[in-house]
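Residue strings, one per chain:
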Amino acid sequence: MLLAAGANSASAEIVFSGKIKFTAVTSQCRNVRVKDFADSSFHPIVGSNSPVAGLSWVWPGNSRGHGLYGANFDATFRTVKTGGVGWGDPYLRPTTAESQIRIVSYAPAITAITAATEIVTIRGQIRRPFDDPGGLACIATFIGVYVKDSYQ
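It should be emphasised that the depicted structure is a prediction, and the values quoted were computed from it without experimental measurement. (Residues numbered from 1 in each chain as written. Predicted model: local features only at pLDDT ≥ 70, side-chain atom pairs only at ≥ 80, totals over all residues. Heavy atoms only, no water.)

A.B. asks: Looking at this structure, I do not really get a nonpolar patch on the surface. What am I missing?
C.D. replies: On the surface, Ile 119, Val 145 and Val 147 cluster together to form a nonpolar patch covering roughly 250 Å² of accessible area. Secondary-structure assignment places Ile 119 in strand β9 (residues 119-127). (Patch = residues over 30% accessible without salt bridge, like charges linked within 9 Å, V, L, I, M, F, W, Y side chains within 5 Å. Areas by Shrake-Rupley, 256 points an atom, 1.4 Å probe, with all protein chains shown as cover. Salt bridge = Lys/Arg side-chain N within 4 Å of Asp/Glu carboxyl O. Helix = DSSP H or I, 4+ residues; strand = E, 2+ residues; numbered from the N terminus.)

In structure tokens, the structure reads:
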């Protein structure tokens, strides 16, 4: 019975785990600083992955995730669903407080990422990363380096 159930299991998602670091911030930013960093996960829409591009920041005790449904992040700022966990029930930010993300470079290119890809580096920017009072004028530049999550 167990063998039959295992044979029908869904294929794993292609997910990458690593670190993300802020390298620059605009003067409107109050809740993020240059050199801030966190653990991070990156979920591209590639292969048979679910149709949501995801990028998260994870600290001891809490996290913040960003999802772009139906498309990969690209060089245009895209509004993302933003939510997190840490001090109680999971939450979603109201649409008036959502972040915007753009990825200006992928290495390898997003179209070349497969289940065999071991390392991905992304460079991009996020507007209003952490409920910043500077709103969308708060733009933080980041770099993320990831390795394939072998548990997926």
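A.B. asks: Can you help me understand the nonpolar core in this one?
C.D. replies: A general tendency of soluble globular proteins is for nonpolar side chains to be buried together. Core analysis: the largest hydrophobic core is formed by 28 residues, its most contacted members being Phe 42, Leu 55, Phe 73, Ile 122 and Phe 142. When contributions to this core are tallied by element, the ones reaching two or more residues are β1 (16-25), β2 (37-43), β3 (52-59), β8 (100-107), β9 and β10 (139-148). Those residues in contact with Phe 42 that sit more than four places away from it in its chain are Val 15, Phe 16, Gly 54, Leu 55, Phe 73, Tyr 106, Ile 110, Ile 113, Val 120, Ile 122 and Tyr 146. (Core = buried A, V, L, I, M, F, W, Y, C linked by side-chain atoms within 4.5 Å. Buried < 20%, exposed > 50% of the residue type's maximum accessible area, 1.4 Å probe, protein only. Contact = heavy atoms within 4.5 Å.)

A.B. asks: Before we go on, may I ask you to explain the pattern of salt bridges in this structure?
C.D. replies: According to the stated counting rule, one finds five salt bridges in the structure shown. Here Lys 19 makes a salt bridge to Asp 39, at a shortest N to O gap of 2.5 Å. Placement of the pair is Lys 19 in strand β1 and Asp 39 in strand β2, with a sequence separation of 20 residues. For Asp 131, the salt bridge goes to Arg 64, with nearest N and O atoms at 3.0 Å. Residue Asp 131 is found in the loop between β9 and β10, and its partner Arg 64 is found in strand β4 (residues 62-69); the two are separated by 67 residues along the sequence. Given the relative accessible area of 5%, Arg 64 is considered buried.

A.B. asks: Honestly, unusual backbone geometry in this entry has me stumped. Any pointers?
C.D. replies: With the exception of glycine, the majority of residues adopt a negative phi angle, and the majority of peptide bonds are in the trans configuration. Here the bond from Ala 107 into Pro 108 is cis, since omega is 0°, no more than 30 degrees from zero. Here Pro 108 shows up in the loop between β8 and β9. In this structure, Lys 35 is a non-glycine residue whose phi angle is positive, near 80°. Structurally, Lys 35 is set in the loop between β1 and β2. Unlike most non-glycine residues, Arg 128 shows phi in positive territory, near 55°. Within the fold, Arg 128 resides in the loop between β9 and β10. When its relative accessible area of 14% is taken as the criterion, Arg 128 is described as buried.

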